[in-house]
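# Summary of structural features
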Amino acid sequence: MIASHPLAYYCTELHHDQVQKVDKYLYHLRLSDENIMDVSMRFRREMDRGLCRDTNPTAAIKMLPTFVRSTPDGTEHGDFLALDLGGTNFRVLLVKVSANGKQKVEMENQIYAIPEDLMRGHGSELFDHIAECLANFLSKLGIKDKKLPLGFTFSFPCQQTKLDESILVSWTKGFKASGVEGKDVVGMLRAAIKKRGDFDIDIVAVINDTVGTMMTCGYDDHHCEIGLIVGTGTNACYMEEMRNLQTVEGDEGRMCVNLEWGAFGDDGALDDLRTSFDREIDAGSLNPGKQLFEKMISGMYMGELVRLILVEMTKDGLLFQGKTTPELLNTGQFQTSFVSAIENEKDNEGLLKAEQVLLSLGLEPSPEDCMATQRVCQVVSTRAAHLCAATLAAVLRQIRDNKAAERLRTTVGVDGSVYKNHPQFARRLHKMVRALVPDCDVRFLRSEDGSGKGAAMVTAVAQRLAKQHAERQCVLDTLRLSRAQLLEVKKRMGEGMARGLARDTHSNATVKMLPTYVRSTPNGTEQGDFLALDLGGTNFRVLLVRVRSGKKRRVEMHDKIYAIPQDIMQGTGEELFDHIVHCIADFLEHMGMRGASLPLGFTFSFPCRQSRLDQGILLKWTKGFKATGCEGQDVVTLLKDAVHRHEGFDLDVVAVVNDTVGTMMTCGYEDPHCEVGLIVGTGTNACYMEEMENVELVEGNTGHMCVNMEWGAFGEHGELDDFCTPFDRTVDECSSNPGKQRYEKMISGMYLGEIVRNVLLDFTAKGLLFCGRLSERLKTRGIFETKFLSQIESDRLALRQVRSILQHLGLTSSTCDDSILVKEVCAVVSRRAAQLCGAGLAAVVDKIRQNRRLERLRITVGVDGTLYKLHPHFSSILRETVHALAPQCEVRLLQSEDGSGKGAALITAVACRLRDGAE
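A quick note: this is a predicted structure, and the numbers were derived from the prediction, not measured.

Cut-offs used in this document
- Residues numbered from 1 in each chain as written.
- Predicted model: local features only at pLDDT ≥ 70, side-chain atom pairs only at ≥ 80, totals over all residues.
- Heavy atoms only, no water.
- Salt bridge = Lys/Arg side-chain N within 4 Å of Asp/Glu carboxyl O.
- Helix = DSSP H or I, 4+ residues; strand = E, 2+ residues; numbered from the N terminus.
- Buried < 20%, exposed > 50% of the residue type's maximum accessible area, 1.4 Å probe, protein only.
- Phe/Tyr/Trp six-rings, centres within 6.5 Å; stacked < 30°, edge-to-face > 60°.
- Lys NZ or Arg CZ within 6 Å of the ring centre and 35° of its normal.
- pLDDT = per-residue confidence, 0-100.
- Contact = heavy atoms within 4.5 Å.
- Patch = residues over 30% accessible without salt bridge, like charges linked within 9 Å, V, L, I, M, F, W, Y side chains within 5 Å.
- Areas by Shrake-Rupley, 256 points an atom, 1.4 Å probe, with all protein chains shown as cover.
- Lys, Arg positive; Asp, Glu negative; His and termini not counted.
- Charge placed at Lys NZ, Arg CZ, Asp CG, Glu CD.
- Expected span 1.5 Å × (residues − 1).
- Pairing = 2+ DSSP bridges.
- Core = buried A, V, L, I, M, F, W, Y, C linked by side-chain atoms within 4.5 Å.
- Axes fitted to C-alpha atoms, helices over the stretch in contact; angles between N-to-C directions.
- Parallel < 35°, antiparallel > 145°, perpendicular 65-115°, else oblique.
- Nonpolar A, V, L, I, M, F, W, Y, C, P; charged D, E, K, R; others polar.

Should the charged atoms of two oppositely charged side chains come close, the side chains can pair. One pass over the full model with this rule turns up 63 salt bridges. For Lys467, the salt bridge identified is with Glu471, shortest N-O distance 3.4 Å. One end of the pair is Lys467 and the other is Glu471, both in helix α15 (residues 453-476) and four residues apart, which spans about a single turn. When its relative accessible area of 53% is taken as the criterion, Lys467 is described as exposed. Of the residues examined, Glu471 reaches a relative accessible area of 30% and is grouped as partly exposed. What you see here is one network of salt bridges that share partners, running through Glu488, Lys491, Arg492, Glu495 and Asp722.

Turning our attention to the packing of aromatic side chains. Each aromatic ring pair is specified by the distance between its two centres and by the angle formed by the two planes. Going through the model one piece at a time under the given rule, you end up with 21 aromatic pairs. Here Lys623 stacks its cationic end above the ring of Phe606, 5.4 Å away from the centre of that ring.

Attention shifts here to unusual backbone geometry. Despite not being glycine, Phe320 shows a phi value in the positive range, around 50 degrees. Within the fold, Phe320 resides in the loop between α8 (299-315) and α9 (326-329). Here Ala404, not a glycine, exhibits a phi torsion of approximately 50 degrees, which is positive. With respect to the helices and strands, the residue Ala404 is situated in the loop between α12 (367-403) and β12 (408-415).

Here the protein chain shows a mean pLDDT of 90. Residues at 70 or above account for 97%. Note on residues 1-5: pLDDT is under 50 here. Beyond four places in sequence and across chains, it has eight contacts.

Our focus in this paragraph is a negative patch on the surface. Together, Asp567, Glu574, Glu575 and Asp641 make up a negatively charged patch on the protein surface. A relative accessible area of 42% means that Glu575 is categorised as partly exposed.

For the rest of this paragraph, the subject is helix α26 (residues 816-851). With 36 residues, α26 extends 52 Å from end C-alpha to end C-alpha; this agrees with the ideal 52 Å at 1.5 Å per step. Most of α26 is tucked away, with 30 of its 36 residues classed as buried. Following α26 by one or two positions, Arg853 adopts a phi angle in the positive range, close to 55 degrees.

Before going further, it helps to examine the environment of Pro72. The topology assignment puts Pro72 in the loop between β1 (64-65) and β2 (78-85). On the basis of relative accessibility, which here comes to 3%, the residue Pro72 falls in the buried class. Excluding residues that lie within four positions of it along the chain, Pro72 makes contacts with Met215, Gly218, Tyr219, His222, Met457, Val461 and Arg464.

What follows concerns the pairing of strand β8 (residues 202-207). Burial analysis of β8 places five of its six residues in the buried class, which makes it a mostly covered element. Where strand β5 (residues 149-154) and β8 come together, five bridges link them in parallel fashion. Bridge pairing links Pro149 to Asp202 in β8.

Within the largest apolar cluster, 116 residues are counted, with the highest numbers of intra-cluster contacts made by Leu228, Tyr238, Leu259 and Phe334. Element by element, the count of residues in this core is highest for α12, at 19 residues. Those residues in contact with Leu228 that lie beyond four places of it in its chain are Thr210, Thr213, Asn235, Ala236, Trp261, Cys388, Leu392, Val412, Gly413, Val414, Asp415 and Leu429. Within the second largest apolar cluster, 114 residues are counted, among which are Val680, Val845, Ile859 and Leu885.

Attention now goes to the sheet that holds β5. Read from one edge to the other, the open sheet built from five strands follows the order β4-β3-β2-β5-β8, with strand pairing classed as mixed. Two strands in the sheet have a free side with no partner beyond their single neighbour: β4 (104-113) and β8. Looking at each pair of strands side by side, their axes are set apart by 20 degrees on average, direction ignored. Bridge analysis of β2 against β5 gives five bridges, and the strand direction is parallel. Of the residues in β5, the one forming a bridge with Leu85 is Phe154. Sitting on the sheet, helix α5 (residues 185-196) touches β2, β5 and β8, and the angle it makes with β8 is about 150 degrees. Taken strand by strand, α15 contacts β2, β3 (89-98), β4, β5 and β8, and its axis lies near 120 degrees from that of β8.

Turning our eyes to something else, we now look at the packing of helix α16 (residues 483-501) against helix α28 (residues 874-885). Contact pair α16 / α28: the axes reach a minimum separation of 11 Å and the direction vectors enclose 80 degrees. It follows from the interaxial angle that α16 and α28 lie roughly perpendicular. Along its contact with α16, which presents Arg483, Leu486, Leu487 and Lys490, the element α28 presents Thr881, Ala884 and Leu885. Among the residues forming the contact of α16 with α28, the class breakdown is four nonpolar, one polar and two charged.

Taken in spatial order, the six strands make up an open sheet running β14-β24-β23-β22-β25-β26, and their pairing is mixed. Two strands in the sheet have a free side with no partner beyond their single neighbour: β14 (514-515) and β26 (889-895). Alignment of strand β22 (residues 674-680) against strand β23 (residues 684-691), held across five bridges, turns out to be antiparallel. Each bridged residue has a counterpart across the sheet, and for Gly677 the counterpart in β23 is Cys687. Relative to β22, helix α20 (residues 659-670) is tilted by about 135 degrees, and along the sheet it contacts β22, β23, β24 (704-708), β25 (857-864) and β26.

Moving on, we get to the environment of Val95. Within the element layout of this structure, Val95 appears in strand β3. On the accessibility criterion, Val95 (0% relative accessible area) is buried. Taking the C-alpha atoms as reference points, Val95 and Ala82, separated by 13 residues in sequence, lie 7.3 Å from one another. Those residues in contact with Val95 that lie beyond four places of it in its chain are Gly78, Asp79, Phe80, Val105, Glu106, Met107 and Ala456.

Pasting the structure below:
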């Protein structure tokens, strides 16, 4: 035996030589930085193969879905049971989680043995034993009468199809119970509990220990999205984007993926890096050719790898004077715990431990032998740490790329005896990870009882998600409309149309059904040059429209946009119309047509009453206009008066139309079946060709006339009250015209963002969104623009882009789950809008069919408006709703191009054609 003082002396003198000797011998076990980076790249490719549906069956790394969809957010609370089965003992735990201002977890547990005859007997007997132990635990704590949720940590290879179902692929760790492989272990446990009949529990989740580790650490650090085990075995899991996980249906949100990375290399991917020692370890194992990566890293094999190297070096005369002993040659004699103890660098304790271990193996070690043994341990454990770092770096790069982040900040929850007990492993792992992914800020957090507490945390999260989901759906259900409700809306719209058309009830009708004096749609013979004015918002357009007939009939347009300042919108009528005339004069000058007098169509998209085509009495301003002296006046007269004040030119105003009629006329030029116009943009409205005999406000019973429905006001007499939600009422009360345009406020782009914002505020106040933390910006009216709905609901938009929109709204700490929910709220609100619009349109087309006494009607609807054009799903939902509610009508939706400009010119062209024909 060598005393410690002489050994310390020898250390200084001989250490360098021994290190060089071992390093030269173990050259192939010492991986360069390039080797390690290459392993990381190979692993990333293998991850992709495991994620892909087509390549998963042959992939070594299976990337198993766990159906764990979220990590803890700190609001979890309640009492949970956990069952931890992964070896010859199993544990039952009661985990109390509290969140009233301070996160706290309290645990009580009991360990129960599993006799060997049950491990190898019939599966039903094994699960009966587990149920009996569970009953004993509940009785002991006096909670047998409570039905508590339970999380089941079952650390054997399983295939999951949902969170509470796990099919055992194969037993490991000495278990051989028959009738279990290929069966759902949760189902077997439930059957055993039911057979007893003396208690009941709710098995919510089944997980493995790696997922438990991530969830345990995720409770303490909400950035934790990776779990890592380096102990007897090794594995990892992480939160993957659903869109990348092709083996599971759905592409929204995230799911924890169990990598089962111990199998990396089983397909030969690591053959060039495996040494003769690795091959010998594998050949002598219980599962040759399997778990090859694990055999290069984990605690089950690390000590044996060191022993094989010592044997080989002794046989080559490099150690112990070339003399082996029976103990050294005996498999399993050099434990991994020896490796940890020998690498202790404090006061040469490691060298003293090396001497002690070698002596216990019957050897007579010299100081050089002790140093060489220590170096062998260092080389083996360093390779293990670096290989682990390589694969972990690949996972970190995957998460960083998923988030499209320049820098990733994340936490890795870690458990396992090698990581916790080896004095250098963790440091080497951390250092190499940071070298491989310098653009990732990684925190390593040691897990405490991942398999017990972790199972409870998965259950707590699942319970929270289920409870929150039920609460949210209860709210969202108020915004969902059944077919029966939509048919009722259609019926009421039909009744409203009838009241608006009838002379006796028109004055009290909400759907005004205003005659437009447009008597015909285009027939293709129209031609000439026409001016068009388009006033319907904060911008105003002047257009020159050239219509050509014949074989090559076409419409050519030139236009210029002018702003209308806020002070003019809300000033006097004279100021507004003087501004319009100045813009017209500028346009004529711009086109080189100063002084020209062309027929003009005026698109005036505000509620008007007409008694002829070239006259429009403004009923009320909308869309933020408040110019005085205009309501109750003829807008054509106001325009002509402004022209006379200008004295620079004259105008031949042929027609006053709104944008809805213009839309119908534009599409009518392309499709002669077009007899309905629909606008779904900032506002909403519809028009259609009605039988003159039904238009009681206008003399004459022959032919047709286009009726401007002004359907946005539908509901002002309470027709929609039973479909309105508190969110609709809030939006209405806070609007500039409370009680007015109720139908429009449930459909149009001006209001949908506000409805969504109010739902999000409600969810946040109830703690169902953004962890209950309210953004000041989200409290601002109008901040959630309707264009966000279109962007968020786009199928091409990844959730990270949804998060960037939320961050713009001041929700900087929003999670992936928040993004999914915001997307769902947007989808529910926009779907209701499209369905309500479809119900109204179904009433219109069915009325036309009934007017003409047709069994089936074929008709085209010209549609315009930003919501219809830009929202990714509005048009398809509108189409399916009309088809469902008016099945006897074959409806084509034709998107209009510039109905308010081109349409006004075409109405003017049609009017000129009819006028010329009459003359």
